[in-house]
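Summary of the model geometry
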Amino acid sequence: MVHRAACTVAIIIMLSLTAFNRNAVWGEWTGLWTNVIKNSPEKGRGYVNLGVGYENSDIDKAMEIYKQALTVEDNFYAHYRLAQSYEKKGMDELAIKEYEEALDVTKVYDIPKASYADVYLEFAILLQKKGFVEKAIMNYQKAVDVSPNSLSAYKAHNNIGTIYGSQNLFDKAVKEFKQAIEIDPILPDAYNNLAIEYAKKELYKDALSAFQTALKLNPNDPTIIQNIAAIKTAKKP
């Protein structure tokens, strides 16, 4: 049996703390943004960054702060971080609502394209998990449209490909995986998933070639190693 390689979404990390002075830096961070809020209480930026400082230690407090931000300003990042927080807590319906709110804000405010490509991607992953496949594909495509050469676009193509693969739509799946590879040919996931599609069609030579490329890029991945062994077994008469 061959196994899919799934793209995961990296949470945006806005803090970088060294071990030896973590508490001191955290205190400086929260103190800084508490002071920003004091001086500019009508702006959401201070609340959002203060909330980020609490995410790892007290996610409920972080969520409370993001909600405060939204009382003073319809802030893209507050909606986004709140959506992520709801998702972490397994509150998927509320997360969906906040992702939608974040994307609505992009229609009004000038948000960097890479930022809302990330939101489309994460929203689509959640929708796919919940079984809303067509809506997931639509949002994956939007991630590609707004930032076509980004890591988010790579992941979007790869994930659309896995959906089409699960629907036995070989040509569509292969096209998506190849588009992902064009964006970033040094990431292994799309090669692994492309190889799976070839294997399903018993195109074992093509499958083995794609698996071997994936393995070169990630030599210690047990899934890829297992997939190569499965293909070699399948090729035997």
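As shown above, the structure is provided for reference.
This is a predicted model, so every value here is computed, not measured. (Residues numbered from 1 in each chain as written. Predicted model: local features only at pLDDT ≥ 70, side-chain atom pairs only at ≥ 80, totals over all residues. Heavy atoms only, no water.)

Looking at unusual backbone geometry
Rules: Secondary structure elements are taken from DSSP: a helix is a run of H or I of four residues or more, a strand is a run of E of two residues or more, and numbering for both begins at the N terminus. Between buried and exposed lies partly exposed: a residue is buried under 20% and exposed over 50% of the maximum accessible area for its type, with that area taken using a 1.4 Å probe on protein chains only.
Residue asparagine 168 is not a glycine yet carries a positive backbone phi of 60 degrees. Topologically, asparagine 168 is positioned in the loop between helix H8 (151-166) and helix H9 (170-183). On the accessibility criterion, asparagine 168 (59% relative accessible area) is exposed. Backbone geometry at glutamate 202 places phi at a positive 60 degrees, although glycine is not the residue there.

Here we look at the side chain of asparagine 75
This is how the line gets drawn: A 3.5 Å cut-off defines polar contacts: any pair of N or O atoms within that distance qualifies, except that in protein one atom must be a possible hydrogen donor and the other a possible acceptor, and neighbouring residues in sequence count only when both atoms are side-chain atoms. The contact criterion used throughout is that any non-hydrogen atoms of two residues lie within 4.5 Å.
Mapped onto the fold, asparagine 75 is located in the loop between helix H3 (59-72) and helix H4 (76-88). Polar contacts involving the side chain of asparagine 75 include one to the main-chain amide nitrogen of tyrosine 77, which spans 2.9 Å. With residues near it in sequence (within four places) discarded, asparagine 75 still touches Gly44, Arg45, Val48 and Leu70.

A closer look at the packing of H3 against H4
Put simply, the rule reads: Where helices are involved, their axes are fitted lines through C-alpha atoms of the stretch in contact, as for all axes, and angles between N-to-C directions lie from 0 to 180°. By definition in this entry, angles of less than 35 degrees are roughly parallel, angles greater than 145 are roughly antiparallel, angles of 65 to 115 are roughly perpendicular, and the rest are oblique. Handedness of each helix crossing follows the sense of rotation of the near helix against the far helix: counterclockwise by less than a right angle gives left-handed, clockwise gives right-handed. When residues are sorted by character, Ala, Val, Leu, Ile, Met, Phe, Trp, Tyr, Cys and Pro go into the nonpolar class, Asp, Glu, Lys and Arg into the charged class, and all the rest, Gly among them, into the polar class.
Their axes nearest at 9 Å, the elements H3 and H4 cross at an angle of 150 degrees. In terms of orientation, H3 and H4 fall into the roughly antiparallel class. Remark: the crossing between H3 and H4 carries left-handed chirality. The segment H3 lies against H4, with Ile59, Met63, Tyr66, Lys67, Ala69 and Leu70 engaging Ala78, His79, Arg81, Leu82, Ser85, Tyr86 and Lys88. For the contact of H3 with H4, a count of residues per class yields eight nonpolar, two polar and three charged.

Describing the packing of H4 against helix H6 (residues 113-129)
Running from N to C, H4 and H6 cross one another at 30 degrees; their axes reach a closest spacing of 12 Å. Classed by the angle they form, the pair H4 and H6 counts as roughly parallel. Of the two possible hands of crossing, H4 and H6 adopt the one that is left-handed. Residue-level inspection shows Phe76, Tyr77, Tyr80, Gln84 and Glu87 of H4 in contact with H6, the latter providing Ser115, Tyr116, Asp118, Val119, Glu122, Leu126 and Lys129.

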